[in-house]
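Each chain, written out:
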Amino acid sequence: MFGVNYVSLYLSQEREAALYYLYMMADGRISYSEERMFGTLCNRLKLEESWKKEVIDFCKLVTSNNQDMLSIIKVESSMGEIRDTGGTQYHWWLPSGNLPDHARMIWNLVNLGYADTDYSKPEQEIVHYLLDTWKIPKVLYQEMIATADTMAALTKQRGWVLDTYTEGPEQDEKLKRIDEAIDKLHRSIKISIQELAM
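Residues numbered from 1 in each chain as written. Predicted model: local features only at pLDDT ≥ 70, side-chain atom pairs only at ≥ 80, totals over all residues. Heavy atoms only, no water.

What to know about the pattern of salt bridges
The test is simple: The term salt bridge refers to a pairing of a side-chain nitrogen on Lys or Arg with a carboxyl oxygen on Asp or Glu at a separation within 4 Å. Secondary structure elements are taken from DSSP: a helix is a run of H or I of four residues or more, a strand is a run of E of two residues or more, and numbering for both begins at the N terminus. When accessible area is computed with a 1.4 Å probe and restricted to protein chains, residues below 20% of their type maximum are described as buried, those above 50% as exposed, and intermediate ones as partly exposed.
The full count for this structure, using the stated rule, is 9 salt bridges. Of the charged contacts, one joins arginine 104 and glutamate 16 as a salt bridge, the two residues approaching to 2.7 Å between their closest N and O atoms. Here glutamate 16 lies in helix α1 (residues 12–25) and arginine 104 lies in helix α5 (residues 99–115), a separation of 88 residues in the sequence. A relative accessible area of 30% means that arginine 104 is categorised as partly exposed. Residues aspartate 27 and arginine 29 are paired through a salt bridge, measuring 3.0 Å at the closest nitrogen-oxygen approach. Note on arginine 29: relative accessible area 42%, which makes it partly exposed. Connected through salt bridges with shared partners, the residues Asp27, Arg29, Asp116 and Asp118 form a single ionic network.

Considering the nonpolar core
In plain terms, the rule: To qualify as a nonpolar core, a set must consist of buried Ala, Val, Leu, Ile, Met, Phe, Trp, Tyr and Cys residues joined through side-chain atoms within 4.5 Å.
Core analysis: the largest hydrophobic core is formed by 54 residues, its most contacted members being Phe38, Ile106, Val110 and Leu130. Tallying contributions element by element places α1 first for this core, with 9 residues.

Observations concerning α1
Three or four residues apart is the spacing at which side chains of an α-helix point the same way, because the helix has 3.6 residues per turn. Operational definition: Expected helix span is taken as 1.5 Å per residue step, with the number of steps being one fewer than the number of residues.
With 14 residues, α1 should reach 20 Å at 1.5 Å per residue; the first-to-last C-alpha distance of 20 Å fits that figure. Counting buried positions along α1 gives 12 out of 14 residues, so the element sits mostly inside the fold. Residues of α1 that are buried include every one of Glu14, Arg15, Glu16, Ala17, Ala18, Leu19, Tyr20, Tyr21, Leu22, Tyr23, Met24 and Met25, and no others.

Overview of the packing of aromatic side chains
The cut-off we apply is this: Put simply, two rings from Phe, Tyr or Trp (the six-membered ring, in Trp's case) pair if the centres are within 6.5 Å, and we call them stacked under 30 degrees between planes, edge-to-face over 60, tilted for the rest.
Following the criterion strictly, the structure yields 3 aromatic pairs and no others. Plain terms: the ring middles of tryptophan 160 and tyrosine 165 are 5.9 Å apart, the flat faces sit at 85 degrees to each other, and that makes the pair edge-to-face.

Comments concerning unusual backbone geometry
For threonine 117, which is not glycine, the phi dihedral falls at a positive 65 degrees. Structurally, threonine 117 can be placed in the loop between α5 and α6 (121–134). Although it is not a glycine, lysine 135 adopts a positive phi angle of roughly 55 degrees. With respect to the secondary-structure elements, lysine 135 resides in the loop between α6 and α7 (138–164).

In structure tokens:
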């Protein structure tokens, strides 16, 4: 076809990172804490800096016509197509993986949703769509939400301890207990996700 440019993300890690970035854009803004968490997720995916930039550029181009993120994420057939008004055709499909991989992605999305302390309605709609698409057990999602709520409360408590207690052994001990509780919650979710493979 003449006059049409094609843009795609082929690597599974790129598609997963694009899912996270589109998700962060869903509520109309990307917070500093979401941006930091996205960087951490890209590092876990072993996504080179040039690929990360390619993912961000792709997401910004795909959304330049102000289409809502859920509609973009739903275009996930074997070769979903989103045509931009400028004559560029973008191809998007969901990241591949098995049930534990998809559950891990849902957990990452929930954490991104809580990163700015506002798990917004557009973010929840995307997660609910993916839960149905990937057939993630509802009870696992409920565990994720309960865990994220608890972690958010512990993070708030951590801030209170930092503001209230002066540096020293008492503050250190309180922070250590909070950090251990957060780590224990992370491990518990990881175990629940791994159990899906059994």
